[in-house]
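Listed below are the residues making up each chain.
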Amino acid sequence: MAILVRAWCLAPRPLLPVLQTWDLDPRRWVRALRRSPVKVVFPSGQVVDRKPGPGKQPRKAAAEGSPHAQPLKQPSPAPQSQTPSSWEESGLRYDKALPGDRRLSVMTIVKSRPFREKQGKILLEGRRLIADALKAGAVPKVFFFSRVEYLKELPVDKLKGVSLIKVKFEDIKEWSDLVTPQGIMGIFAKPDHVKMTFPETQLRHSLPLILICDNLRDPGNLGTILRSAAGAGCSKVLLTKGCVDAWEPKVLRAGMGAHFQVPIINNLDWETVPNYLPNDTRVYVADNCGLYAQAQISSKAIDHGWVCGRQLSKFHKYEEEEEEDLETGASEGWLPELEVQSYDLDWTEAPAAVVIGGETHGVSLESLQLAESTGGKRLLIPVVPGVDSLNSAMAASVLLFEGRRQLRLRVEHLSRDRRYR
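Notes on the structure follow. (Residues numbered from 1 in each chain as written. Predicted model: local features only at pLDDT ≥ 70, side-chain atom pairs only at ≥ 80, totals over all residues. Heavy atoms only, no water.)

**A look at the overall build of the chain**
Part 1 of the reasoning: Helix and strand content of the chain: 16 helices and 14 strands.
Part 2 of the reasoning: Per-residue burial over the chain gives 38% buried out of 421 residues.
Part 3 of the reasoning: In the chain, the share of contacts with a sequence separation of at least 24, taken over all contacts with a separation of at least 6, comes to 77%.
Part 4 of the reasoning: Surface summary for the chain: the accessible area is close to 26200 Å², and the carbon and sulfur share equals 53%. (Helix = DSSP H or I, 4+ residues; strand = E, 2+ residues; numbered from the N terminus. Buried < 20%, exposed > 50% of the residue type's maximum accessible area, 1.4 Å probe, protein only. Contact = heavy atoms within 4.5 Å. Areas by Shrake-Rupley, 256 points an atom, 1.4 Å probe, with all protein chains shown as cover.)

**Brief notes about the side chain of Gln406**
Part 1 of the reasoning: Along the chain, Gln406 falls in helix H16 (residues 392-420).
Part 2 of the reasoning: Once residues within four sequence positions are removed from consideration, Gln406 is found in contact with Tyr343, Asp344, Leu345, Asp346, Trp347 and Thr348.

**Focus: the pattern of salt bridges**
Part 1 of the reasoning: All told, the structure shown has 13 salt bridges when counted by the stated rule.
Part 2 of the reasoning: Where Asp177 meets Lys111, a salt bridge forms, and the shortest distance between an N and an O atom there is 3.1 Å. With Asp177 in the loop between helix H8 (169-175) and strand E7 (184-189) and Lys111 in the loop between strand E3 (95-96) and helix H5 (113-119), the pair connects residues that are 66 residues apart, well separated along the chain.
Part 3 of the reasoning: When its relative accessible area of 43% is taken as the criterion, Asp177 is described as partly exposed.
Part 4 of the reasoning: Across the pair Arg147 and Glu149 runs a salt bridge whose closest N-O atoms are separated by 3.7 Å.
Part 5 of the reasoning: The class of Arg147 is partly exposed, set by a relative accessible area of 44%. (Salt bridge = Lys/Arg side-chain N within 4 Å of Asp/Glu carboxyl O.)

**Considering the sheet that holds strand E11 (residues 282-286)**
Part 1 of the reasoning: If you walk across this open sheet you meet the 7 strands as E10-E9-E8-E13-E11-E14-E12, and the pairing is parallel. A single partner strand is all that each edge strand has here, and the edge strands are strand E10 (264-268) and strand E12 (340-342). Taking the axes of each pair of neighbouring strands and ignoring which way they run, one obtains an average angle of 30 degrees across the sheet.
Part 2 of the reasoning: In this sheet, strand E9 (residues 234-240) lies alongside strand E8 (residues 207-214) in parallel orientation, the contact comprising 5 bridges. Paired with Ile210 across the strands is Lys236, a residue of E9. (Pairing = 2+ DSSP bridges. Axes fitted to C-alpha atoms, helices over the stretch in contact; angles between N-to-C directions.)

**A few points about the sheet that holds strand E6 (residues 163-166)**
Pairing between the strands of a sheet is mediated by backbone hydrogen bonds and can be parallel or antiparallel.
Part 1 of the reasoning: In space, the 5 strands of this open sheet follow the order E3-E6-E5-E7-E4, with mixed pairing throughout. Of all the strands in the sheet, the pair left with one neighbour each is E3 and strand E4 (121-125).
Part 2 of the reasoning: Where E4 and E7 come together, 5 bridges link them in antiparallel fashion. Bridge pairing in E7 links Lys121 to Ala189.

Written as structure tokens, this is what we have:
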């Protein structure tokens with residue numbers, strides 16, 4: 001018996017008392033889940049009382065029945081015209097995407113050009129680009145984000161009626177083309193240049209200078225050209241058929257928000273291009289090989305660096321077509337003959353439009369014909385002999401900012417003449 005008593009004394013005992021599950025009040029732990037608001041204040045200022053459930057006493061009545069109750073001040077309703085200034089006041093809600101959510105399948109096809117053309121939607125990535133689009137009046141449809149803080153950085157009044165879906169950062173990383181994604185992506189309706197609101201500073205510094213892109217197929221070059229056009233103050237940018245889509249993700253990324261600073265008119269036929277040009281506009285063609293025809297007669301142009309060393313394929317195509325025409329008895333003067341002018345000479349005395357061709361195919365025959373019909377010329381950027389022609393984006397930047405310089409000097413001369421009169 002003594003042995004049993006001793007064994008019972010040496011048995012391990014719990015250091016802390018064990019709390020039985022039936023000792024807990026389950027209502028205490030679910031109380032937070034069962035709370036409901038007494039009143040709901042909408043962004044318009046309207047206050048709606050919530051009806052208590054059956055068998056429940058309203059909080060107001062309970063407070064009045066208490067002997068120590070103090071009168072509560074009723075919040076003054078907000079004016080009807082006041083807009084919500086914070087996320088909480090706006091009453092916005094978002095959904096959390098679950099595995100297999102069908103709403104995520106659109107991200108696999110939204111980058112394709114057929115989807116953009118048929119559905120009329122584009123994909124924007126990054127807080128800055130999305131903020132620029134919202135400021136310009138672009139219409140958002142869906143936002144995918146990984147953190148709520150990214151969404152709170154956007155204007156609250158622009159998010160009403162937009163589907164907000166919170167996803168994992170791994171999903172955005174899979175959809176994005178960036179090495180370090182910014183955690184937010186949005187699907188917008190394809191912007192219309194007529195309905196967009198461009199910055200006042202951009203409109204105030206707009207110049208009678210138009211850029212026409214011809215056969216530009218490199219997304220990086222087109223995005224850089226659009227950025228230069230916005231920086232130089234072009235009034236609009238025209239893209240003919242054969243150019244890469246201006247709303248392609250790589251073009252948007254290279255443009256750095258230029259799409260929402262200058263009007264862009266996409267996918268135009270050459271027959272309709274004159275409809276977008278002001279009256280008395282002269283069309284100038286940027287062509288580094290502009291003296292190719294003269295160089296075959298005299299090699300002095302090459303000695304002075306007026307002609308690039310590479311002969312573009314378009315001239316070979318023109319020669320082949322010319323030989324076919326000669327064999328069939330057609331006239332020899334089918335190729336427009338344009339006078340060549342150095343880019344730094346005055347060419348902005350009238351509203352000007354500059355045509356920039358792609359590096360592979362160069363400018364088209366239609367652009368040369370349009371330049372000839374408007375009294376335009378070829379603008380030549382001299383390069384050192386033996387150096388290949390300039391990059392399309394670089395040539396466009398040189399010409400556009402040269403046009404801006406000439407227009408600024410003309411304005412300064414006019415103001416100086418008025419001062420001395």
